[in-house]
Amino acid sequence: MVSPQGAITLTGSMQEERAVHTSTFLPNGKVLVTGGFDSQEDFKNSAELFDPVINKFSYTGNMHGKRAGHSAVLLNNGMVLIVGGTVGNVDQYSKVAELYDPETGEFTLSGTMQVPRMSCSATLLSDGRVLVAGGLIGNDPTTSVEIYDPETGTFKPGGNMKTINGTNNALLLKSGKVLLIGSNLAGELYDPKTETSVPLPTVSNQPVKHKYAATLLSNNRLLITGGSDNRDWNGKFATAVIYDLEKNKWTPAENMHVPRFKHMNATVLLENGNVLVAGGAEFAELYDATTGHFIEIPGSFHKILQYTTATRLHDNRVLITGGYETNIICTKEAWVYQSPVVN
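All of the points below concern the structure found in this document. Counting of residues starts from 1 at the beginning of each chain's written sequence and follows it residue by residue. The model is predicted, so local features are restricted to residues of pLDDT at least 70 and side-chain atom pairs to those at 80 or more, both for listing and for counting; the totals for chains, interfaces and linings are taken over all residues. Computation of side-chain values: all heavy atoms of the structure, hydrogens and water removed.

### Concerning the overall build of the protein
Working definition: helices are DSSP H or I runs of at least four residues, strands are E runs of at least two. Numbering for both runs from the N terminus. On a plain count of helices and strands, the protein comes out with zero helices and 32 strands. Against the compact-globule benchmark of 20 Å for 343 residues, the protein has a radius of gyration of 19 Å, which places it among compact chains. Dimensions along the principal axes, computed over C-alpha positions, put the protein at roughly 50 × 45 × 40 Å. The buried label applies to any residue whose accessible area, calculated with a 1.4 Å probe on protein chains only, is under 20% of its type's maximum; exposed applies above 50%, and partly exposed to all values in between. Here the protein, with 343 residues, has 56% of them falling under the buried criterion. A contact between two residues is defined here by any heavy atoms of the two lying within 4.5 Å. For the protein, the proportion of contacts with a sequence separation of at least 24, taken over those separated by at least 6, is 48%. A total accessible area of about 14300 Å² is found for the protein, and carbon and sulfur atoms account for 50% of it. Computation of the radius of gyration draws on C-alpha atoms alone. For the globule rule, the value is 2.2 Å times the number of residues to the power 0.38. Shrake-Rupley sampling with a 1.4 Å probe provides the accessible areas, and residues are treated as covered by the protein chains on show and by no other component.

Listed below in structure tokens is the structure:
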């Protein structure tokens, strides 16, 4: 019997240890895991598939290039677009895009970005195109935006962000606009039709924050969890804040049980409207969207996991893969969060 808040259990191992990788849910129910690096900081072009029916990982085709810190997005045609990332050195970033075809299990090259970048966002737009925003070019943050057209396999400039430099979170809204949030919670609304953006109000008395997680709630609000200041590991936050899109207002939320950061791809909106926060600590937490409370989830990773990924499956579960510990020791372990059954 599953507890009211669900539970975390170990579900085996990936074929390889990896962190700073991507995990993408496919239409056939499997999860595509790509790239990242291992404990020796060897960058990977390998990819593997998780089958939720047998709870096993198996290799699939290799990417054409090694990548970590890249982005992956599922297109309307069922293929997965892979963009950006570092190829093995802090000043060697990729601008070559690839497509993964679940039918063949193979990657093919598909266009070249205007600039090489890592830690960028990639968002599927309402019209089927993909918005690629921000990230790092070399060691410098960028405000540049470009748009990928799957019909032509090409990228074109899409303007520039006004208030955000570098790494950002991007979330598609029902209006078709994209909510972009950067460091210090500076944000803006990007309109793909006009390729322009409007700045959002800033959070008062908010310290510089980066490497936090942003999750769009079902009630038209945005949940921001954790992050760190310029002290990195020594400046982690347990705080959370809420942005109300309708009221155009930020408000503090209840604190998490522990500080977390580098968990940007490890939060998931569940079917019941709650949010699983799975990275940056030895255990996961559940944000109850009705009460506003954070609840510790039974089960442990037995290590503080940074740059892990969490991917919602079709059967009320969430797959959690990889990541690294404080000393950059990567893992190939994987876990499953079993959510309570929705009545």
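Let us keep going from here.
### Looking at the pairing of strand S13 (residues 130-133)
Residues Val130 and Val132 of S13 are buried on one face, and the alternating residues Leu131 and Ala133, pointing to the opposite face, are buried as well. Two strands are said to pair when DSSP picks up at least two bridges between them. Sheet topology places strand S12 (residues 121-124) next to S13; four bridges connect them, and they run antiparallel. If you follow Thr123 over to S13, its bridge partner there is Leu131. Where S13 and strand S16 (residues 144-149) come together, four bridges link them in antiparallel fashion.

### Here we look at unusual backbone geometry
You will see that Glu41, though not glycine, has its phi angle at about 60 degrees, which is positive. Positionally, Glu41 belongs in the loop between strand S3 (31-34) and strand S4 (47-51). A relative accessible area of 51% places Glu41 in the exposed class. Backbone geometry places Ile328, a non-glycine residue, at a positive phi of 60 degrees. Along the chain, the position of Ile328 falls in the loop between strand S31 (317-321) and strand S32 (333-338). Ile328 sits in the partly exposed class, given a relative accessible area of 24%.

### Some words on the nonpolar core
Counting residues in hydrophobic clusters, the biggest one holds 16 residues, and the most contacted among them are Ile8, Leu276, Val318, Ile320 and Tyr337. Sorting the residues of this core by element identifies S31 and S32 as the ones contributing at least two each. If sequence neighbours within four positions are ignored, Ile320 has contacts with Ile8, Ala278, Phe301, Thr308, Thr309, Ala310, Glu333, Ala334, Trp335 and Tyr337. Counting residues in hydrophobic clusters, the runner-up holds 15 residues, among them Ile181, Leu222, Ile224 and Leu245. Throughout this description, the term nonpolar core refers to a set of buried Ala, Val, Leu, Ile, Met, Phe, Trp, Tyr and Cys residues connected via side-chain atoms within 4.5 Å.

### What about the environment of Arg67?
As for its position among the elements, Arg67 is in the loop between strand S5 (56-59) and strand S6 (71-74). A relative accessible area of 2% means that Arg67 is categorised as buried. Between the C-alpha atoms of Arg67 and Lys44, which are 23 residues apart in sequence, the distance is 6.1 Å. For Arg67, the residues in contact, after removing those within four places along its chain, are Gly35, Gly36, Phe43, Lys44, Ile82, Val83, Gly84, Thr86, Ser94, Val96, Ala97 and Glu98. Within 3.5 Å is the distance limit for a polar contact, defined as a pair of N or O atoms, with the added protein rule that one can donate a hydrogen and the other accept it, and that residues adjacent in sequence qualify only through two side-chain atoms. Looking at Arg67, its side chain comes within polar contact range of the side chain of Glu98, at 3.4 Å.

### Digging into the packing of aromatic side chains
When two rings of Phe, Tyr or Trp (its six-membered ring) have centres within 6.5 Å they constitute a pair, described as stacked for plane angles under 30 degrees, edge-to-face for angles over 60, and tilted for the intermediate range. Tallied over the full model, the rule gives nine aromatic pairs. Where Tyr148 meets Phe155, the ring centres are 4.9 Å apart and the plane angle is 50 degrees; that geometry is what we call tilted. Both residues of the pair, Tyr148 and Phe155, count as buried. Every member of this aromatic cluster is reached through a ring pair, and the members are Phe37, Phe43, Tyr307 and Tyr324. A ring is scored as having a charge over it whenever the NZ atom of a lysine or the CZ atom of an arginine sits within 6 Å of its centre and within 35 degrees of its normal. Lying across the ring of Phe283, Arg260 places its NZ or CZ 5.4 Å from the centre.

### Let's talk about the pattern of salt bridges
Salt bridge, as used here: a side-chain nitrogen of Lys or Arg that lies within 4 Å of a carboxyl oxygen of Asp or Glu. In the structure shown here, the tally under the stated rule is 11 salt bridges. Between Lys44 and Glu16 there is a salt bridge; the shortest N-O distance is 2.7 Å. With Lys44 in the loop between S3 and S4 and Glu16 in the loop between strand S1 (7-13) and strand S2 (22-25), this pair connects stretches of sequence that are 28 residues apart. On the accessibility criterion, Glu16 (18% relative accessible area) is buried. Members of the salt-bridge network, linked through shared partners, are Glu16, Asp38 and Lys44.

### Focus: the sheet that holds strand S21 (residues 196-199)
What holds strands together in a sheet is hydrogen bonding between their backbones, with the strands either parallel or antiparallel. Overall, antiparallel pairing links the four strands, which are arranged S18-S19-S20-S21 in an open sheet. Here the strands that pair on one side only, and so sit at the sheet edges, are strand S18 (169-172) and S21. Between one strand axis and the next, the sheet turns by 25 degrees as a mean value, whatever way the strands run. Judged from the four bridges that link them, strand S20 (residues 187-191) and S21 form a sheet pairing that is antiparallel. By the bridge assignment, Asp191 is partnered in S21 with Thr196. As a rule, the C-alpha atoms of each element are fitted with a line to give its axis, helices using only the stretch in contact, and angles between N-to-C directions run from 0 to 180 degrees.

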